[in-house]
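Commentary on secondary and tertiary structure
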Amino acid sequence: MISERSINIVCIISLLIFSLGSYYMGEPYFVTLATRITIFAMAAVGLNLVLGFGNLISFGHAAFFGFGGYVSGILATHAFNSEPILEWPILFTGSSNLIVIWISTLVLCSALALVIGFFCLRTSGVYFIMITLAFAQMLYYFAISWPSYGGEDGLPIYVRSSLLNIDTMNGISFFLICFFWLMVSLCFTSRIIHSPFGLALRASRYNLDRVKSVGITPFRIQLVAFIISGVITGIAGSLYADLNRFVSPSLLSWQMSGELIVFIIIGGLGCIYGPLIGAIFFVTFEQIFGSYTEHWQVFLGLLIILTVLFARGGLIGFLSRRNDNE
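**Quick notes on the overall build of the protein chain**
Looking only at helices and strands, the protein chain features 13 helices and two strands. Taken over the C-alpha trace, the protein chain has a radius of gyration of 20 Å; the compact-globule value for 326 residues is 20 Å, and the two agree within 12%. Taken along its principal axes, the extent of the C-alpha atoms in the protein chain is 55 × 50 × 35 Å. With 326 residues in all, the protein chain has 51% of them scored as buried.

**Observations concerning the side chain of Thr-105**
With respect to the helices and strands, Thr-105 occurs in helix 4 (residues 98-120). Thr-105 sits in the buried class, given a relative accessible area of 0%.

**Overview of helix 6 (residues 171-193)**
Between its first and last C-alpha atoms helix 6 spans 33 Å; for 23 residues at 1.5 Å apiece the expected length is 33 Å, and the two agree. The N-capping residue of helix 6, defined by a side-chain oxygen 3.1 Å from the backbone nitrogen of Ile-172, is Asn-170.

**Quick word on the layout of surface pockets**
Within this model, the largest pocket holds a volume of roughly 430 Å³. Along the wall of the largest pocket there are 20 residues; nearest its centre are Phe-67, Tyr-70, Val-71, Ile-74 and Leu-108. Residues of the lining of the largest pocket, tallied by class, amount to 19 nonpolar, one polar and no charged.

**Remarks on the side chain of Asp-242**
Within the secondary structure, Asp-242 sits in helix 9 (residues 218-244). For Asp-242, a relative accessible area of 0% corresponds to the buried category. If we skip the residues at most four places from it in the chain, Asp-242 touches Leu-98, Val-159, Arg-160, Ser-161 and Phe-174.

**Concerning the packing of helix 2 (residues 28-51) against helix 6**
Closest axis-to-axis distance for the helix 2/helix 6 pair is 9 Å, and the angle between their directions is 20°. By the angle between their directions, the pair helix 2 and helix 6 is classed as roughly parallel. Between helix 2 and helix 6 lies a crossing whose hand is left-handed. Split by residue class, the contact of helix 2 with helix 6 holds 17 nonpolar, five polar and no charged.

What counts, and where the lines are drawn
Each chain carries its own residue numbering, running from 1 in the direction its sequence is written. Local features in this predicted model are restricted to residues of pLDDT 70 or higher, and side-chain atom pairs are both shown and tallied only at a pLDDT of 80 or more, whereas totals for entire chains, interfaces and linings draw on every residue. Water and hydrogen atoms play no part in the side-chain values, which are based on all heavy atoms of the structure. Segments assigned H or I by DSSP are reported as helices when at least four residues long, segments assigned E as strands when at least two residues long, and all are numbered from the N terminus. Taken over C-alpha atoms, the radius of gyration is set against a globule rule of 2.2 Å times the number of residues to the power 0.38. Using a 1.4 Å probe on the protein chains alone, a residue whose accessible area is under 20% of its type maximum counts as buried, one over 50% counts as exposed, and one in between counts as partly exposed. To estimate the expected span of a helix, count its residues, drop one, and scale the result by 1.5 Å. Whenever two N or O atoms come within 3.5 Å, that pair is a polar contact, provided that in protein one can donate a hydrogen and the other can accept it, and provided that, for residues adjacent in sequence, both atoms are side-chain atoms. With a 1 Å grid laid over protein atoms only, a set of points is called a cavity when a 1.4 Å probe fits there but cannot get out and a pocket when it is open yet has protein on both sides within 12 Å along at least five of seven lines; lining residues have an atom within 4 Å of a point. Grid points are joined across faces, edges and corners, and a volume is the space filled by probe spheres set on the points. Here the nonpolar group is Ala, Val, Leu, Ile, Met, Phe, Trp, Tyr, Cys and Pro; Asp, Glu, Lys and Arg are the charged ones; every other residue, Gly included, is treated as polar. Here, two residues are considered to be in contact whenever any of their heavy atoms come within 4.5 Å of each other. A fitted line through C-alpha atoms represents every axis, and for helices the fit uses only the stretch in contact; the resulting angles, taken between N-to-C directions, go from 0 to 180 degrees. For classification purposes, angles smaller than 35 degrees are called roughly parallel, those larger than 145 roughly antiparallel, those between 65 and 115 roughly perpendicular, and all remaining angles oblique. By definition, any crossing whose near helix is turned counterclockwise from its far helix by less than a right angle is left-handed, and any crossing with a clockwise turn is right-handed.

The analysis is restricted to geometry; functional conclusions fall outside its scope.
Here is the structure:
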């Protein structure tokens with residue numbers, strides 16, 4: 001039996017070695033692939049906080065992923081064109097500085113998550129699923145009908161954002177930036193889950209009445225978790241836009257939300273490192289089977305069915321014999 005901790009460490013080290021090895025072997029494509037895995041994993045870590053530990057099945061987390069991407073794209077575009085975003089109370093012409101972009105993403109995604117969570121968390125079950133999906137689709141159609149920033153064609157980002165004296169155009173440098181954010185997200189999530197706040201969040205997953213009986217307001221706990229979740233996913237979206245130097249409404253679509261859920265299910269629902277393992281498996285599966293057939297999703301669907309039926313703890317549960325009910 002392999003311990004869950006060992007699986008987590010192996011996956012982290014493997015991802016790091018794979019990217020560094022690809023860089024030194026002169027394979028920039030694989031470095032980009034590792035960066036893509038890292039960003040997707042981080043986005044799913046954000047969703048896993050509310051889905052895996054709070055039992056809040058959000059089918060609209062693409063709203064935060066895409067919104068973070070548009071924040072990055074809009075700020076960089078205005079900085080490139082020297083066109084002001086704000087003229088009052090201060091003149092602000094955008095920025096290509098990653099620190100400014102991340103802070104802006106954090107603030108704006110927090111505000112967006114607060115609004116969405118305030119309304120969505122007053123529902124439960126299938127109603128919660130549908131209202132989160134509705135918010136994401138509202139943003140999706142708004143982005144399509146926003147010609148100032150590309151509309152349906154998307155928004156190209158002509159320069160990659162800067163960070164201190166780091167060459168972000170260098171593939172391995174940008175990977176390490178994304179890897180740093182992934183580790184921060186994983187460590188922060190772990191601290192939250194093992195804190196009294198995390199215990200209250202997990203308790204609300206099973207019985208709201210008992211949580212209320214000890215003087216805790218589940219709505220507040222869930223709302224704070226939802227905001228943190230949205231911020232993590234939003235920063236991942238910002239990084240993804242910077243990686244591709246392009247952002248489009250597809251980042252806001254329900255398919256993106258579905259992919260994040262798939263990462264979590266495959267890796268292990270309610271496992272802190274489950275999204276990372278799921279993202280590694282998903283992207284690797286896509287690369288291998290996608291090179292043979294364009295219908296590789298059929299095989300992925302079969303795999304998800306088998307996972308749900310026979311390995312409900314995901315790959316982590318299967319390899320470590322982890323009890324899904326723990």
